[in-house]
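Report on the structure
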Amino acid sequence: MPPRYLRATLGVMEPDTFDLIVLGGGPVGENVAQYATDGTGLHAALVDGELFGGECSYYACIPSKALLRPLSVLGSATHLPGVTGTRLDPDALLARRNAWVSGYDDAGQVRWAEDAGLAPVRGHATLTGERTVRVAGPDGVRTLTARHAVVLATGSVPAVPAPYRGLEAWTSRDATGVVEVPARLAIVGGGVVATEAATWMAALGSKVTLLVRGDRLLPQQEPFASALVADGLRAASVEVRFGVEATSASRPDARATGLGRVHGGPVRVEWPGGSLDVDEVLVATGRIPRLGDVGLESVGLTAADVVAGRLPPWLFAVGDASGEAPLTHWGKYRARVLGTALAHRFGGAEADAPTPEVVPVPQVVFTDPQVAAVGFTEAAARAAGGRIVTASVPWTAAAGASLLQDDASGRAQLVVDADAGVVVGATFVGPDVAELVHAATIAIVGRVPVDVLRHAVPSYPTASELWLRLLEALPRALRAG
């Protein structure tokens, strides 16, 4: 008997012909396909050469947070009088990670796709012409044809600077999939992956050194957030070195030993005026859209065309592959918007309401302390023009925040457009601030006036009281309306 998704389409179209073909079976591809086909009668193939569920499910968001959450609880507990006996169990921590990635088995994701009426096709996909895709998989080669559209949701790959190529250096996959904890670990980079990985690798026992090209961590965040995260890492015995850009790196015995294992012998990293010898190096210097192996040349396109949106009417790009913010939640949002538009265009579904004028990108960094931010930083808002007012208060300004963790350090800040009277940016740094940022996202998207926000009463005693303190710190004329 044919698979469920073929049984659904037999008699309607050929098995290798679909209304839509989505390249990439991660969260972004899943959302495009689901929103495009739900209730429309359209049929979509979801193609992936690796694990269905994508980078986020197995190598990024999910395993990293599975590793970090117990550390966050442990950190809070050790600063709460009345709690004793707290300790880290590395084996149990890694077992929790394994459970959350389903032992790197995607059977559950495949079942979900089939139950959603999608056609999961396993294999590496490349464009071969207009609306045609070649899939090389475990059962041979197939050619799929799309009646309407092909969507590139192929994600991104690590950007590895020249000095670290050929070393079998760790990438984020090895860091989240850690099996062997290197005694000495250099992490190259100062962004989210670098700082989060430093947090759990130090907790697991590595002597971690962060090699940062710039003069601060998390350069896209407010300076006070960067400083507080650096302080937190140093308190966890992570050495942070700024102004370091390697000129060379060497590893005589580089070997592909498997995910999360030390990849051979020691590594030496050298830069003007210094060097460092470590057992492993993790390169966390950003990611680039995965567009180099999808056959763009067959339809006369380049990666630059995709990122710039210069696409034929049958081809779409979304998520990391589009060059937008490489964040799962942002990619999923953009996928929902695109999927709904495709459902309207090709499936006759009702059109969505227009998107709001402002849709900011929220982000959480799960370090100790956590950083949660959305919208403009103060510097970016001032560079964009207009009259900008900020309100900033310490974490201890609210009793409900202070109660979460004794001697916690942190800060909160609002960036306000004084002419429009609305919030355009917010940053929270402190314990569990990940749960505070969505209120700011709602305020920005809804363009809720500050003089209205002051009537949103925070519960006592909770960290949400920080909102009241921030609003009180604004000029009276602004918050009074």
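In this text the structure is predicted, and so the values were computed from the model without any measurement. (Residues numbered from 1 in each chain as written. Predicted model: local features only at pLDDT ≥ 70, side-chain atom pairs only at ≥ 80, totals over all residues. Heavy atoms only, no water.)

1. Comments concerning the overall build of the protein
Looking only at helices and strands, the protein has 17 helices and 21 strands in total. The C-alpha atoms of the protein give 24 Å as radius of gyration, which agrees with the globular expectation for 481 residues (23 Å, within 12%). For the protein, the spread of C-alpha atoms along the principal axes amounts to about 65 × 65 × 45 Å. The contacts in the protein between residues at least 6 apart in sequence include a share of 68% that link residues at least 24 apart. For the protein, the exposed surface amounts to about 21300 Å²; the carbon and sulfur share of it is 53%. Mean positive and mean negative side-chain charge positions of the protein (40 and 49 charges, respectively) differ by 2 Å. (Helix = DSSP H or I, 4+ residues; strand = E, 2+ residues; numbered from the N terminus. Rg over C-alpha atoms; globule rule 2.2 N^0.38 Å. Contact = heavy atoms within 4.5 Å. Areas by Shrake-Rupley, 256 points an atom, 1.4 Å probe, with all protein chains shown as cover. Lys, Arg positive; Asp, Glu negative; His and termini not counted. Charge placed at Lys NZ, Arg CZ, Asp CG, Glu CD.)

2. Some thoughts on the sheet that holds strand S13 (residues 274–278)
Pairing in this open sheet of 3 strands is antiparallel, and the strands run S11-S12-S13 from one edge to the other. With partners counted over all chains shown, the strands left at the sheet margins are strand S11 (248–250) and S13, one partner each. Averaged over all adjacent pairs, the angle separating strand axes in this sheet is 15°, with direction ignored. Here 5 bridges tie strand S12 (residues 267–271) to S13, and the two strands are oriented antiparallel to one another. Paired with Val267 across the bridge in S13 is Val278. (Pairing = 2+ DSSP bridges. Axes fitted to C-alpha atoms, helices over the stretch in contact; angles between N-to-C directions.)

3. With respect to the sheet that holds strand S14 (residues 280–283)
The parallel open sheet is built from 4 strands, whose spatial order is S10-S9-S8-S14. Each of the sheet's edge strands pairs with one partner strand only, and the pair in question is strand S10 (239–242) and S14. On average, each strand axis in the sheet is inclined to that of its neighbour by 20°, with strand direction left out of account. Alignment of strand S9 (residues 207–212) against S10, held across 4 bridges, turns out to be parallel. Opposite Leu210, over in S10, you have Val240 as the bridge partner. Seen against the sheet, helix H8 (residues 192–203) touches strand S8 (184–188), S9 and S14 and runs at an angle of roughly 165° to S9.

4. Observations regarding helix H11 (residues 328–347)
If you check H11, its first and last C-alpha atoms are 26 Å apart, about what 20 residues at 1.5 Å a residue would give, namely 28 Å. Those residues of H11 hidden inside the fold are in contact with helix H2 (27–37), strand S6 (140–152) and strand S16 (315–317). A positive phi of about 75° marks Gly348, the residue just after H11. (Expected span 1.5 Å × (residues − 1).)

5. Some points on the nonpolar core
Grouped together as the largest cluster of nonpolar side chains are 35 residues, with contacts concentrated most on Ile187, Trp200, Leu210 and Leu217. Within the residue set of this core, elements represented by two or more residues are helix H4 (61–77), helix H5 (90–100), S8, H8, S9 and helix H9 (223–235). Look past the residues within four positions of Ile187 in its chain and what remains in contact with it is Ala194, Ala197, Ala198, Val208, Thr209, Leu210, Leu211, Leu282 and Ala284. Ala372, Trp467, Leu470 and Leu471 belong to the second-largest nonpolar core, a separate cluster that totals 33 residues. (Core = buried A, V, L, I, M, F, W, Y, C linked by side-chain atoms within 4.5 Å. Buried < 20%, exposed > 50% of the residue type's maximum accessible area, 1.4 Å probe, protein only.)

6. Quick notes on the pattern of salt bridges
According to the stated counting rule, one finds 24 salt bridges in the structure shown. Linking Arg290 and Glu50 is a salt bridge whose minimum nitrogen-to-oxygen distance equals 3.6 Å. With Arg290 in the loop between strand S15 (287–289) and helix H10 (303–308) and Glu50 in the loop between strand S2 (44–48) and helix H3 (54–59), the pair connects residues that are 240 residues apart, well separated along the chain. For Arg290, a relative accessible area of 26% puts it in the partly exposed group. The partly exposed category is assigned to Glu50, whose relative accessible area is 36%. A cluster of three or more residues bridged by salt bridges with shared partners is formed by Glu50, Glu55, Arg173, Arg287, Arg290 and Asp293. (Salt bridge = Lys/Arg side-chain N within 4 Å of Asp/Glu carboxyl O.)

7. Thoughts on the packing of H4 against H8
Relative orientation of the contacting elements H4 and H8 amounts to 60°, with a least axis distance of 10 Å. It follows from the interaxial angle that H4 and H8 lie oblique. The interaxial crossing formed by H4 with H8 has left-handed handedness. Residues Ser64, Lys65, Leu67, Leu68 and Leu71 of H4 touch H8, and the partners they reach there are Glu196, Thr199, Trp200 and Ala203. Taken together, the residues that form the contact of H4 with H8 break down as 5 nonpolar, 2 polar and 2 charged. (Parallel < 35°, antiparallel > 145°, perpendicular 65-115°, else oblique. Left-handed = near helix turned anticlockwise from the far one by under 90°. Nonpolar A, V, L, I, M, F, W, Y, C, P; charged D, E, K, R; others polar.)

8. What about unusual backbone geometry?
Omega for the peptide link from Asp368 to Pro369 comes to 10°, which places this bond in the cis form. Of note, the bond from Tyr460 into Pro461 is cis; its omega dihedral lies within 30 degrees of zero at -10°. With respect to the element layout, Pro461 can be found in the loop between helix H15 (450–453) and helix H16 (465–472). A positive phi angle is found at Ser102, which is not glycine, with a value near 55°.

9. What about H5?
Taken as a whole, H5 has its buried residues at Leu93, Leu94 and Arg97. Angular distribution of buried residues about the axis of H5 spans 95°; they occupy a single face of the element. Seen from the buried face of H5, the exposed residues on the opposite side, beyond 90 degrees, are Asp91 and Ala99. Residues of H5 that are buried in the fold lie against H4 and helix H7 (172–176). Where H5 begins, one side-chain oxygen reaches toward the backbone nitrogen of Asp91, 3.2 Å away; that side chain belongs to Asp89. (Arc of directions from axis to C-beta. Polar contact = N/O pair within 3.5 Å; in protein donor to acceptor, adjacent residues only side chain to side chain.)

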